[in-house]
Structures are given as structure tokens and as C-alpha cells.
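Structural description and commentary
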Amino acid sequence: MDPALKKLGWNAFFGEHFREYAVDHEPGRVSSVSRSGCEVHTRKGVVRARVSGRLRQDGLRPAVGDWVAISRDDSGTRTLQAILPRRSKISRKDPGRAVGEQVMVTNIETIFIVTSFNQDLNLRRLERYLAAARQSGTESVIVLNKSDLCADVEAKVDEVKAIASDLSVIAISAAEKTGLEQLSPYLQDGETVVLLGSSGVGKSTLINALEGRGRQKIAEIREDDGRGRHTTTARELLLLEKGGIIIDTPGMREIQLWDASDGLDDAFQDVIELAAGCKFSDCRHESEPGCAVKRAIEEGKLSEVRLESYRKLQRELLALERKKNPKLMAEEKKKWKKISKMAKEIQKRKAGEI
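The structure contained in this document is the topic of the report that follows. Note that this is a predicted model, so its numbers are computed, not measured. (Residues numbered from 1 in each chain as written. Predicted model: local features only at pLDDT ≥ 70, side-chain atom pairs only at ≥ 80, totals over all residues. Heavy atoms only, no water.)

Residue placement: T42 occurs in strand 2 (residues 37-42). As for T42 and V30, which are separated by twelve residues in sequence, their C-alpha atoms are 9.0 Å apart. Residue contacts for T42: discarding those within four places in its chain leaves L8, E26, P27, G28, V47 and I70. (Helix = DSSP H or I, 4+ residues; strand = E, 2+ residues; numbered from the N terminus. Contact = heavy atoms within 4.5 Å.)

Right under this line is the structure:
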């Protein structure tokens, strides 16, 4: 296996799928994507490639992390001709379309969900990130940055562990370069880590700390709210000098879920397990008798806000599914039309009109 490709994450899986292109194409891994094309890591370095008309016509878009097959014409122009099958991906609802998937990154081994100990630590937002991350099927690690700004690190870590008891929760300070050794097991040659988190949590500072130099642009923390200013503007795949691959992503205050029903159940496994003990299989956990979820809330074993967070994300996924499925949407409209008609009839009876 070519050492240069192996360092980029190449393995037998991609080699097998590249066979049909091997005669007159070269393999590469997408580093960044723009409207005009892509920057691609190859065995000989980073090159610029345009996306073929056929891929565009088929609606296939390369994403950062993709392995691709590239051709080169007599003028030296490189063209991305094929996207190899993906081993993993993180998607969200495309913010630019009413219904559509946006693949953010692909072919990753580990997700670092990065937040900070200051005002940015929001458990409800973290639950949303966890649902999207777990859907990818890859390992997730919660990285709590800016421990130097927190008076009680252990208490905050416990809060996060309460909603993600099965995941590693690592406290670090990228600015002070403390706790970084805990991340080393995930940053191995050929292994890809993606950083997910909102603006200002210190993702770029973390990359600089890992590299030992100012590779990514950073901005000072604002005094009014303790958050860093947004610096990363596009997803980018970076090869670390000490080994490993990191995909940096722009900060997102909120990630809109896409096809994450399994990930949602995984992220709220405590709620799912409690619901299994309800008297009725279709229990809505409101006023039904024998509701194990409501009993757990009364006993202090589950918080009301966590249940409401689960319900909110469920409603969001259901609404998205209706948009993706015209038949389901039509049935839903028919149901509510019938309910509205019944409500009007009840009002008329009460008013003595019928």
C-alpha cells in the first residue's frame, strides 16, 4: 500500500472500489469544496480539480473526506470523475432547501463534539449534536474545552455524563495546552477525526495546540459573553504533522437533523429504556396510567427538560419525514382536516346550531 495514501486514510475498502478506475485515473481525498471545484489530497500533494458534468447532472456532490477518482487531460486540467462509496458520513438537513440532505463530512473514524465550559455549554444543543453523531455509526467523544475558565470542572463533566453516560467526556484547555494527551489515542496515522461544535468553542485553537503552531486562524474571546469569535468559514481536511487527520468545520449554533431516528434513540437511550416499562405501548408520557417515564420524572430519575428535548427532536424528524414523503404529508393533512371538521361540529352543537 502506498505510504502517502495510507497516511490519508486509504485502505483495502477504498482500494477495492477504485479498481474499475485504476487504469486512467488517480485516487485522491477531498480536502475542501467550493462552487468552482475541490482541493484534493493525492499521493503527490494537493491538487485542484473540477467536478465532472456527469456528476453534477446526477446530483452527486463531493464532500470533505470523500475518496474520489480523478482524470487529467492533455492541458493538465484535473476532473473529479467518481466518488467512491463512503464508509461513514455525517449529514444534516440542507439549510438552503425545504427538503434535502447536506452531507457535511465522510469517511471518519471519530467525532469530537466540542463545546466549552463557559456560557456555550448547553445540554439541549449537545443532545442534538449527539443524535446526529450517533446516526453516523462512528465513535463519538465529547471534548469540553476552556477548563481554565471553569471553577468546578468535575461538576460540569458530571452534568454532561448524565446525558451521555456511555461516551468518553474529556476536559481540556486548548489555550493552556492541558489535557490534550487524552486525545492522542484517536489521532493515529490514517485515522480521521472531525470536530463538530458551535462557533467560539475553540476548535481552531485546539488544532493549533495539537500542532504546536498557529495553523488555523483564531480570534479573541469576547468579554461580554465569553465566547470566541467565528473564524473557520469552510470545512477543511488537515493532515497533522504528528499523525492523524482532522476535519475542521465552521461553527453551527444548531444542527438540523436529517434521517437521524436511530441516532435520536441512541442519544436518548435512558428515555427509551424507561418507555419500555410503560403500561401502554403507544404511551405518550403525558397523563396515561402506568407511565414509567412520568413516574421516573416524579422520582427525580429523569428531568422534565430532557423528556421535552426528546419530544422536540422527535417532532422535528417527523415533520421532515412528512416533507420527504408526499403520501405521508397528504395523510397528515387529511387527518387534521377531519379533526378540524369535528371540532367545528362540536362548537356548533354547544351553540345549539345543530
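What follows concerns the packing of aromatic side chains. Two descriptors summarise a pair of aromatic rings, namely the distance from one centre to the other and the angle between the planes of the rings. Applying the stated criterion across every chain yields a total of eight aromatic pairs. Their ring planes at 90° and their centres at 5.7 Å tell us that F112 and Y186 sit as a pair that is edge-to-face. In this pair, F112 is assigned in strand 8 (residues 110-116) and Y186 in the loop between strand 10 (168-171) and strand 11 (192-196), connecting sequence segments 74 residues apart. Both residues of the pair, F112 and Y186, count as buried. Directly above the aromatic system of F13 lies the positively charged group of R87, at a separation of 5.1 Å from the ring centroid. (Phe/Tyr/Trp six-rings, centres within 6.5 Å; stacked < 30°, edge-to-face > 60°. Buried < 20%, exposed > 50% of the residue type's maximum accessible area, 1.4 Å probe, protein only. Lys NZ or Arg CZ within 6 Å of the ring centre and 35° of its normal.)

Turning our attention to the sheet that holds strand 9 (residues 139-145). Across the sheet, six strands lie side by side as 10-9-8-11-13-12; this open sheet has mixed pairing. Sheet topology places strand 10 and strand 12 (236-239) at the edges, where each strand pairs with a single neighbour. Ignoring which end each strand starts from, the neighbouring axes of this sheet average 25° apart. For strand 11 and strand 13 (residues 245-248), the ladder comprises three bridges, and the chain directions are parallel. Bridging from a neighbouring strand, T192 pairs with I245 of strand 13. (Pairing = 2+ DSSP bridges. Axes fitted to C-alpha atoms, helices over the stretch in contact; angles between N-to-C directions.)

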